[in-house]
Amino acid sequence: KNETFEEAALREAIEETGLEIESIVEMMDLDLSFHFTDRWERKVQEECFLFVLDSPWDVKIDPKEHQNFKWVPFETINQDSVKFPSNYEAIEKSLKLLRQRGV
């Protein structure tokens, strides 16, 4: 409750994936917001961010939060790559920003 969306995004990324904070070059607010009711009937506001890293890291997912993950090459990402449409929308916006930067 006492965190900004940016602070919460960073904390969640570190907790849920083992992201190494030293690898972060930039954190970008994607200006995407989604509102929904979760499986416990709580109202949720989801804000989306992109982390730009200078090196890969050994992903370690939190087994209490996730069952698995997969790396997907840029050129093969599609709506079937993710579970929720909002996730795909965030990925599309992230890819557009990265392409604008020449990545």
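Summary of the structure given here. The residue numbering used here restarts from 1 in each chain and proceeds along that chain's sequence as written. It should be noted that, the model being predicted, local features are given only for residues of pLDDT at least 70 and side-chain atom pairs only at 80 or more, the latter also being counted only at that level, while totals for whole chains, interfaces and linings use all residues. Note that water and hydrogens are dropped before the side-chain values are worked out from all heavy atoms of the structure.

Here's the deal with the pairing of strand β2 (residues 43–53)
Defined as follows: Note on pairing: DSSP must find at least two bridges between two strands before they are called paired. In this text, helices come from DSSP runs of H or I with a minimum length of four residues, and strands from runs of E with a minimum of two, each type numbered from the N-terminal end.
Bridge analysis of strand β1 (residues 24–37) against β2 gives 10 bridges, and the strand direction is antiparallel. Across the sheet, Ser33 pairs through a bridge with Glu47, a residue of β2. Connecting β1 to the next strand, β2, in antiparallel fashion are 5 residues, including Glu41 with a positive phi near 65°.

What to know about helix α1 (residues 5–17)
Note the following rule: Here the expected length of a helix is defined as 1.5 Å per residue gap, with one fewer gap than residues. Pairs of residues are marked as contacts when any of their non-hydrogen atoms sit within 4.5 Å.
Taking 1.5 Å per residue as the helical rise, α1 with its 13 residues ought to reach 18 Å, and the 18 Å between its terminal C-alpha atoms agrees with that figure. In this fold, the buried residues of α1 make contact with β1 and β2. One or two positions beyond α1, positive phi appears at Gly18, with a value near 75°.

Some words on the nonpolar core
Rules: Among buried residues, the Ala, Val, Leu, Ile, Met, Phe, Trp, Tyr and Cys ones that are joined through side-chain atoms within 4.5 Å form a nonpolar core. For every residue, the accessible area obtained with a 1.4 Å probe (protein chains only) is divided by the maximum for its type, and the residue is called buried under 20%, exposed over 50%, and partly exposed between those limits.
Membership of the largest hydrophobic core is limited to 9 residues, which are Met28, Leu30, Leu32, Phe34, Cys48, Leu50, Val52, Ala90 and Leu98. Mapped onto this core, the elements with two or more residues apiece are β1, β2 and α2 (85–100). Tallying contributions element by element places β1 first for this core, with 4 residues. Those residues in contact with Leu32, other than ones at most four positions away along the chain, are Glu46, Glu47, Cys48, Glu89, Ala90 and Lys93.

Description of unusual backbone geometry
With a phi close to 55°, Asp31 is a non-glycine residue in the positive phi region. Looking at the element boundaries, Asp31 is found in strand β1. Taking the relative accessible area as the measure of exposure, Asp31 reaches 64% and is therefore exposed. One non-glycine residue with positive phi stands out, namely Glu41, at about 65°. Among the structural elements, Glu41 can be located in the loop between β1 and β2.

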